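Examining the three-dimensional arrangement
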Amino acid sequence: MPKGEHTLCGHTKEVCISSVWPCPVFILFYFSQVFNAKTAEVISQHQVEIKQSFPKEGWVEEDPKEIMQSVHECIENTCEKLSQLKVDISRVKAVGVTNQRETTLVWDRATGEPLYNAIGKSVSLLLYSKPVCFFLLSALGLVWLDLRTQSTVERLIKKAPGENKNHLKHLTGLPISTYFSAVKLRWLLDNVDEVREAVRTGRALFGTVDSWIIWNLTGGRSGGVHATDVSNASRTMLFNIHSMEWDPELCRYFDIPMEILPDVRSSSEVYGWMCLGDQSAALVGQMCFEEGQAKNTYGTGCFLLQNTGCKGSVAIAGAVVQWLKNNMGMVQTSSEIEKLAAEVGTSHGCYFVPAFSGLYAPYWEPSARGIICGLTQFTNKKHLAFAALEAVCFQTREILDAMNQDSGVPLTQLRVDGGMTANRLLMQLQADILCIPVVRPTMSETTALGAAVAAGAAEGVDVWSLSPGHLPLIKSETFQPQINPEESDFRFSRWKKAVQKAMNWETMETCSTSEGMELQLSLVHSEFTD
């Protein structure tokens with residue numbers, strides 16, 4: 001490997017290493033990646049698997065200790081590969097971590113032990129040390145697809161005036177939903193004795209996965225830094241997006257003690273470490289520095305972020321392909337879905353709403369459940385495969401339409417990244433359904449690059465510049481729309497009709513047994529019985 005490819009700036013031998021967020025539903029993959037700072041190309045990478053557990057239907061958890069083990073393994077193996085590339089490890093300059101958000105953890109500051117598995121999503125860390133940038137991703141506590149908090153959400157909404165789920169939106173920008181960290185934390189306080197006791201005795205620390213990683217990597221119980229960045233804090237529902245700090249009113253509403261919350265810092269600065277949420281990192285990695293530019297990350301879910309502060313989330317994207325493969329046995333590998341769908345080139349009027357965990361933006365409807373409609377005797381698995389890919393694109397359009405309306409800055413092209421972007425048919429479908437060009441970089445995992453750029457640009461590191469004229473050039477491919485807007489609008493209207501059929505499918509109610517124990521019952525309703 002030529003020496004010049006290892007430089008971050010000038011002639012110093014500095015390297016950025018980053019890992020990107022996990023992809024599949026049942027096994028998460030974590031990557032350490034080494035970037036060429038001049039070309040933004042990946043020099044080498046390392047991958048570690050982490051398993052999710054599903055203790056009950058609708059519950060999704062990850063082991064916090066396994067998360068940290070994966071972080072250390074990524075560091076060790078990436079350092080070994082750098083040595084093989086003749087890169088001097090002693091010249092490491094900074095450490096960065098990029099992550100998913102919303103995932104919730106609580107741990108004991110005295111023992112360093114997690115008090116429960118992670119429920120949800122993670123951040124970006126910068127350690128000012130020797131001369132290279134490590135970017136590591138880790139994961140979750142109560143995981144973002146986890147639905148156990150639905151009854152908690154319903155209780156919180158009932159105490160809002162008019163039972164309005166948007167009661168706190170003027171402070172948080174968010175509806176009360178199972179998606180966000182405050183609800184998961186409230187569930188932990190209500191249901192886990194160890195968490196309640198640690199809070200009572202002043203030993204509990206709360207954080208999203210970034211905070212857990214940062215605390216451990218900066219000393220843990222021996223003076224570890226308990227902190228997060230604004231991009232992660234803004235997804236907790238405890239953070240005031242106007243004052244840019246934890247809000248006492250919000251904490252009282254959720255009955256969360258403020259002393260367990262981490263310090264909130266900016267996303268690119270040197271103060272021992274640096275934090276950046278995964279979707280914000282991807283926005284940087286896509287070089288979306290101008291107002292109105294946007295990127296969409298296609299992984300387990302879809303995460304659309306616009307450089308106006310707008311973000312929208314789709315719960316099920318790549319997960320629908322995993323469902324067709326693992327649950328329905330339609331294919332042996334995920335890549336076969338593209339081939340199946342391409343053989344027919346149409347859904348033949350079949351529409352798939354994969355609301356396995358309810359619907360997120362713009363509906364925020366946890367009662368929705370998945371449906372497939374428009375079936376005929378002619379429908380086969382190839383049409384279902386096409387409908388599944390279309391579902392990802394339709395959900396993205398719904399978010400994009402809402403963002404265009406909210407921001408007043410109509411999007412003229414969409415930049416994309418994530419594992420699913422390798423599917424060329426999906427990218428073409430997305431361009432057709434949005435009626436705008438879709439731009440795919442040759443390097444699909446821009447989250448890691450964004451974390452590297454943010455860390456390298458931090459004051460005191462200064463090995464990268466965010467000025468437009470100094471940004472690395474990213475090679476890309478553009479998919480142009482190939483159908484007329486009328487056809488796109490017709491297919492989209494049929495999709496929206498299918499979405500309405502999926503609404504109000506399940507509710508959570510509580511009844512008491514003769515022994516006084518409370519049971520949650522899932523009641524299925526239909527238009528025929530209501």
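It should be noted that the structure appears before, not after, this text.
Scoring rules and cut-offs
- Residues numbered from 1 in each chain as written.
- Predicted model: local features only at pLDDT ≥ 70, side-chain atom pairs only at ≥ 80, totals over all residues.
- Heavy atoms only, no water.
- Salt bridge = Lys/Arg side-chain N within 4 Å of Asp/Glu carboxyl O.
- Helix = DSSP H or I, 4+ residues; strand = E, 2+ residues; numbered from the N terminus.
- Buried < 20%, exposed > 50% of the residue type's maximum accessible area, 1.4 Å probe, protein only.
- Axes fitted to C-alpha atoms, helices over the stretch in contact; angles between N-to-C directions.
- Parallel < 35°, antiparallel > 145°, perpendicular 65-115°, else oblique.
- Contact = heavy atoms within 4.5 Å.
- Nonpolar A, V, L, I, M, F, W, Y, C, P; charged D, E, K, R; others polar.

Considering the pattern of salt bridges
A complete count under the given rule lists 17 salt bridges for this structure. D193 is the partner of R196 in a salt bridge, and the nearest nitrogen-oxygen pair spans 2.2 Å. Taken together, the residues R196 and D193, both in helix α5 (residues 193-200) and three residues apart, mark about one turn of the helix. On the accessibility criterion, R196 (36% relative accessible area) is partly exposed. In this structure, K496 and E398 form a salt bridge, with 3.0 Å as the shortest nitrogen-oxygen distance. Within this pair, whereas K496 is found in helix α15 (residues 485-502), its partner E398 is found in helix α12 (residues 381-407), the two being separated by 98 residues in sequence. For E398, a relative accessible area of 7% puts it in the buried group. What you see here is one network of salt bridges that share partners, running through R155, R186, D190 and D255.

A few points about the packing of helix α2 (residues 150-158) against helix α4 (residues 181-191)
Contact geometry of α2 with α4 gives a least axis separation of 9 Å together with a crossing angle of 105°. On the basis of their axis angle, the class for α2 and α4 is roughly perpendicular. When α2 is examined against α4, the residues T152, V153, R155 and L156 are found in contact with a partner set consisting of V183, R186, W187 and D190. Looking at the contact of α2 with α4 residue by residue, the classes come out as four nonpolar, one polar and three charged.

The values are spatial; any link to function lies outside them.
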